[in-house]
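# An overview of the molecular structure
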Amino acid sequence: MSEEKQVKPWKVQPQICKKCGSHKGVIRKYGLQICRRCFKESAEKIGFRKYD
Ligand SMILES: [Zn+2]
């Protein structure tokens, strides 16, 4: 038997919140990658203005 290098089953990494590490309801809008909770937090922090 040859030892083959097994490919990790998780090729695609799940969306994980950059702030809290949660993978629940992660939003990838606006170049962010944070969960809804942190998003709301950040939204208030940055004022959630319309960035272009
Ligand atoms: Zn979060």
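Structure report, in brief. Everything numeric here is computed off the predicted structure, so don't read it as measured data. One numbering rule holds for all chains: residues counted from 1, following each sequence as written. The predicted nature of this model means local features are confined to residues of pLDDT at least 70 and side-chain atom pairs, given and counted, to a pLDDT of 80 or more, with totals for whole chains, interfaces and linings taken over all residues. Heavy atoms throughout the structure, all of them, feed into the side-chain values; hydrogens and water do not.

## Overview of helix 1 (residues 36–46)
Residues separated by three or four positions in an α-helix point in the same direction, a consequence of the helix having 3.6 residues per turn. Note the cut-off: Note on exposure labels: buried denotes an accessible area under 20% of the residue type's maximum, exposed denotes more than 50%, and partly exposed covers the range between, all computed with a 1.4 Å probe on protein chains only. Helix and strand definitions follow DSSP, with helices as H or I runs of at least four residues and strands as E runs of at least two, each counted in order from the N terminus. Our arc is simply the arc of the directions from the helix axis toward the C-beta atoms. Throughout, a residue-residue contact means that at least one pair of heavy atoms, one from each residue, lies within 4.5 Å.
Burial in helix 1 covers these residues: Cys38, Phe39, Ser42 and Ala43. Looking straight down helix 1, one finds its buried side chains confined to an arc of 140°; they lie on one side. Exposed residues lying more than 90 degrees from the buried face of helix 1 are Arg37, Lys40, Glu41 and Glu44. In this fold, the buried residues of helix 1 make contact with strand 1 (26–27) and strand 2 (34–35). In the segment just after helix 1, Gly47 is the residue with positive phi, at about 80°.

## Re the coordination of the zinc ion
The test is simple: Nitrogen, oxygen and sulfur within 2.8 Å of a metal are treated as its donors, or within 3.2 Å for sodium, potassium and calcium (Na, K, Ca); water is not counted, so a site can appear incomplete. Note on geometry labels: four donors, all angles 85 to 135 degrees, give tetrahedral; four donors become square planar and six octahedral when opposite donors are over 155 degrees apart and every other angle is between 65 and 115; remaining cases are irregular.
Distances from the zinc ion to its protein donors, Cys17 (SG), Cys20 (SG), Cys35 (SG) and Cys38 (SG), fall within 2.2 to 2.3 Å. Each of the four donor atoms bound to the zinc ion contributes to angles spanning 103 to 118°, and the resulting shape is tetrahedral. Site description for the zinc ion: donor spacing in sequence, C-x2-C-x14-C-x2-C. Residue Cys17 is located in the segment before strand 1, and its partner Cys35 is located in strand 2; the two are separated by 18 residues in the primary sequence. Pair check on accessibility: Cys17 and Cys35 agree, each one buried.

## Things to note about the environment of His23
By the secondary structure assignment, His23 is in the segment before strand 1. A sequence separation of 12 residues divides His23 from Cys35, and the C-alpha atoms of the two residues are 7.0 Å apart. Those residues within four positions of His23 in sequence are excluded, and the remaining contacts are Gln15 and Ile16.

## Observations concerning the pattern of salt bridges
Short version of the rule: What makes a salt bridge here is a side-chain nitrogen of Lys or Arg within 4 Å of a carboxyl oxygen of Asp or Glu, nothing more.
All chains considered together, the criterion is met by one salt bridge. The residue Lys19 makes a salt bridge to Glu41 at a minimum N-O spacing of 4.0 Å. With a gap of 22 residues between them, Lys19 in the segment before strand 1 and Glu41 in helix 1 connect regions that are remote in the sequence. Glu41 gets classed as exposed once you look at its relative accessible area, which sits at 51%.

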